[in-house]
Amino acid sequence: MKSSREAAFEILLKIHKDKAYSNLALDASLDGGKFSPVERGFISALVYGVTERIITLDYQLSKYLSQPLKKLKPQVLVILRMGAYQLLFMDKIPVSAAVNESVKLTKSCGCAFASGLVNAVLRKVAKNGLVLPENADEISRASIEYSCPKWILDRWKKDYGKENAINIAKNTVGAVETVLRVNTLKTDTESLVSLLSDEGVDAKEGSVENSVVISKAGSLRDLTAYKDGLFHVQDVASQLCCKALDAKEGERVLDICSAPGGKAFTTAQYMKNHGEIVACDIYEGRLHLIDSGAERLSIDIITTKENDASILNSDLGEFDKIICDVPCAGLGVIRRKPEIKFKSMAEVDKLPEIQYAILNIASKYLKLGGVLIYSTCSLNKDENENIFYRFLKENPDFEPVKVLPDVKRAGEQGDTLTLMPHLHNSDGFFISALRRRKSN
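Residues numbered from 1 in each chain as written. Predicted model: local features only at pLDDT ≥ 70, side-chain atom pairs only at ≥ 80, totals over all residues. Heavy atoms only, no water.

(A) Just the overall build of the protein chain, in detail. The helix and strand tally for the protein chain stands at 19 helices and 12 strands. Considering only C-alpha atoms, the protein chain reaches an extent of 80 × 50 × 35 Å along its principal axes. Among the 440 residues that make up the protein chain, the fraction classed as buried is 55%. Residue pairs in contact within the protein chain that sit at least 24 positions apart in sequence constitute 72% of those at least 6 positions apart. Of the roughly 19,900 Å² that the protein chain leaves accessible, carbon and sulfur atoms contribute 49%. For the protein chain, the centre of its 59 positive side-chain charges and the centre of its 58 negative side-chain charges are spaced 7 Å apart. (Helix = DSSP H or I, 4+ residues; strand = E, 2+ residues; numbered from the N terminus. Buried < 20%, exposed > 50% of the residue type's maximum accessible area, 1.4 Å probe, protein only. Contact = heavy atoms within 4.5 Å. Areas by Shrake-Rupley, 256 points an atom, 1.4 Å probe, with all protein chains shown as cover. Lys, Arg positive; Asp, Glu negative; His and termini not counted. Charge placed at Lys NZ, Arg CZ, Asp CG, Glu CD.)

Below, the structure is given as structure tokens:
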């Protein structure tokens, strides 16, 4: 049976060579109970840690190599990154173990010729510790320290100021807490915390009503509380988005880009499972995630429909409330999905026109007096405020609604709300609200 480090190596090599997503590659490798909970934890920590710290790790390695990193065999580069991560960011791993196990990996994967190089480079990393550029400006230094591409930091600096930019980057690395939404159709916060504690989970009440923060949970799907449908996983930011919608019992709600369905589930709970929610997605295969989630949570007011959000579908009818949480660059959830930071600027810059088109179509389903939430999990004004205010300018029959006025702002003006990890202990998230004006 392969060791934990061998498993992590294979996953990281697949991510490197095939551009695989870390969470999917991990799930595929760890499925089947081949590893103990401790081993699974180590593998996950190593895979996610290396993935999110690649810029930092490569900067360290480049200090001790006479050739560019891109000229190394992929297997050798992955092993060097793994070893450097253990030395710099995993305090409980002895230096000898990090170095010697890396050398063993080099030999077992057919790269014995590089074992001397791996040994020498990692010993220099161990000796010198984390090295950061001395004469660089704050943004360039933060790019290396927090493993964030400089173009993203430059954009955050332009949009939110230097201090916020650096703090956002700082919060893209390191452990992230898991937040649950209490299924208020079945239980309450206090009862769920008690049940989870009985199952060995460290659980406490969250900062948002009906939320619970957990740690040391292992596989959530194995918990009785999960099987009984007492919660679903949903970050604070997404929960606040549903709160801003303020859906009432008996209303008709559209979730136009719904899968995997978290916002629809929470909205149904606000509606006390009375009314109608139409949850749409362009991919039919993703609708089963919503259907199965709703069944587990005992929600029966959600109807799923395959639908292209960029094309008007008159069969959908009109709605009292609409959730328009559009596909985005995800620059607010890098801490959960580290691969996002390696998107190109071109990929990000093509999104606003798609997002604006979806918002335009979604607005046509809204009743007079109805409210539409436009949101993204991105921190990028081109995807957020700029779209919101462009829409208002071009559609005078809509008016802004101030979003959650009691929630702390990051210095922004107007009616929108931008949530930031270092200010709100949440994912980065943008929430705005529009109302279709009633006739005079």
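(B) Region of interest: the pattern of salt bridges. This model, assessed by the stated rule, comprises 24 salt bridges. The partner of Asp-246 in a salt bridge is Lys-248, with the nearest N and O atoms 3.1 Å apart. By relative accessible area, Asp-246 is classed as partly exposed at 39%. Note on Lys-248: relative accessible area 42%, which makes it partly exposed. (Salt bridge = Lys/Arg side-chain N within 4 Å of Asp/Glu carboxyl O.)

(C) Quick peek at the packing of aromatic side chains. For the coordinates displayed, the defined rule picks out 6 aromatic pairs. Seen in terms of ring centroids, Tyr-356 and Phe-391 are 6.4 Å apart; in terms of plane orientation they differ by 65°. Their pairing is edge-to-face. With Tyr-356 in helix α17 (residues 351-363) and Phe-391 in helix α18 (residues 385-394), this residue pair connects regions lying 35 residues apart in the sequence. For Phe-391, a relative accessible area of 0% translates into the label buried. Of the aromatic side chains, those joined through ring pairs into one cluster are Tyr-356, Phe-391 and Phe-398. The lysine or arginine in question, Arg-53, covers the ring of Phe-89, its NZ or CZ lying 4.1 Å from the ring centre. (Phe/Tyr/Trp six-rings, centres within 6.5 Å; stacked < 30°, edge-to-face > 60°. Lys NZ or Arg CZ within 6 Å of the ring centre and 35° of its normal.)

(D) Expanded view of the sheet that holds strand β4 (residues 231-233). If you walk across this open sheet you meet the 4 strands as β2-β3-β1-β4, and the pairing is antiparallel. Two strands bound the open sheet, and with one partner strand each, they are β2 (202-205) and β4. The average angle at which neighbouring strand axes cross in this sheet is 30°, direction not considered. (Pairing = 2+ DSSP bridges. Axes fitted to C-alpha atoms, helices over the stretch in contact; angles between N-to-C directions.)

(E) The arrangement of the environment of Met-271 in detail. Looking at where Met-271 falls in the secondary structure, it is placed in the loop between α14 (262-270) and β6 (276-281). By relative accessible area, Met-271 is classed as buried at 0%. Excluding residues within four positions of it along the chain, Met-271 makes contact with Ala-247, Lys-248, Glu-249, Glu-251, Val-253, Glu-276, Ile-277 and Ile-301.

(F) Quick peek at helix α3 (residues 37-52). With 16 residues, α3 extends 22 Å between its outermost C-alpha atoms, agreeing within 8% with the 22 Å of an ideal straight helix rising 1.5 Å per residue. In this structure, the buried side of α3 is in contact with α1 (4-18), α2 (22-30), α4 (54-62) and α5 (74-89). (Expected span 1.5 Å × (residues − 1).)

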